[in-house]
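One-letter residues, chain by chain:
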Amino acid sequence: QVQLVESGGGLVQAGDSLRLSCAASAQASTNYALAWFRQPPGKERDFVGGINGSTHITDYIDSVNSRFTISRDNAKNTFYLQMNSLKPEDTAVYYCAARYGGVVAPAPWYEYWGHGTQVTVSS
C-alpha cells in the first residue's frame, strides 16, 4: 500500500510563503498521480492541484494557479506544494493524495491519503 505523510504546515502571516512536503512510500511509482487537497474549517475537501507521474504536468484550481506550484522529486519519493502570497482564505488542512493513473479533481477517485497538515494564515 502507498503511504503518504505531509509536513511543512504552520502559522504564517498573509503574504508569507510555505512549502509543504509529502513523503511517499516506494510503491508510489511514476504510474501514480499525486495531488494536493485542502479542507477549510466547516467546508468540503477540495482539489488544489496535482501532478501526473508520467508527464509531470501540474494542474491547479484557478484561485491558486498564480501563487502555488507543485513539483515531484521521484528520486526522493517526495511531492511538494510551494505556496506563495498566502491569504487567510488559504487556511485549511492540506492533504496529499495518490491514485493509480492520471490527475483528476474528485477526491473519491484517490486511493491513498495522508493525514493532513494544518496551514493557518493570519491577516
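Residues numbered from 1 in each chain as written. Predicted model: local features only at pLDDT ≥ 70, side-chain atom pairs only at ≥ 80, totals over all residues. Heavy atoms only, no water.

1. Comments concerning the overall build of the protein
Each helix and strand counted, the protein has 0 helices and 11 strands in total. Compactness check: the protein gives a C-alpha radius of gyration of 13 Å against a globular reference of 14 Å for 123 residues, within 12% of the reference. By principal-axis analysis of the C-alpha atoms, the protein measures approximately 40 × 30 × 25 Å. Looking at the 123 residues of the protein, the share that counts as buried comes to 42%. When the accessible surface of the protein is split by element, carbon and sulfur atoms take 47% of a total near 6200 Å². Seen as two clouds, the 9 positive and the 10 negative side-chain charges of the protein have centres 3 Å apart. (Helix = DSSP H or I, 4+ residues; strand = E, 2+ residues; numbered from the N terminus. Rg over C-alpha atoms; globule rule 2.2 N^0.38 Å. Buried < 20%, exposed > 50% of the residue type's maximum accessible area, 1.4 Å probe, protein only. Areas by Shrake-Rupley, 256 points an atom, 1.4 Å probe, with all protein chains shown as cover. Lys, Arg positive; Asp, Glu negative; His and termini not counted. Charge placed at Lys NZ, Arg CZ, Asp CG, Glu CD.)

2. Regarding the pairing of strand β11 (residues 117–122)
Residues Thr-117, Val-119 and Val-121 line the buried face of β11, whereas the alternating positions Gln-118, Thr-120 and Ser-122 sit on a face that is not buried. In this structure, strand β2 (residues 10–13) lies alongside β11, joined through 4 bridges in parallel fashion. Considered in β11, the bridge of Gln-13 is made with Ser-122. Pairing of strand β9 (residues 92–100) with β11 involves 3 bridges; the strand directions are antiparallel. (Pairing = 2+ DSSP bridges.)

3. Here we look at the pairing of strand β7 (residues 68–73)
Burial along β7 is one-sided: Phe-68, Ile-70 and Arg-72 are buried, while Thr-69, Ser-71 and Asp-73, pointing the other way, are not. Two elements, β7 and strand β8 (residues 78–83), share 6 bridges in a ladder whose sense is antiparallel. Paired with Phe-68 across the bridge in β8 is Met-83. Here β7 hands over to β8 after 4 residues, with Asn-77 in that stretch at a positive phi of 50 degrees.

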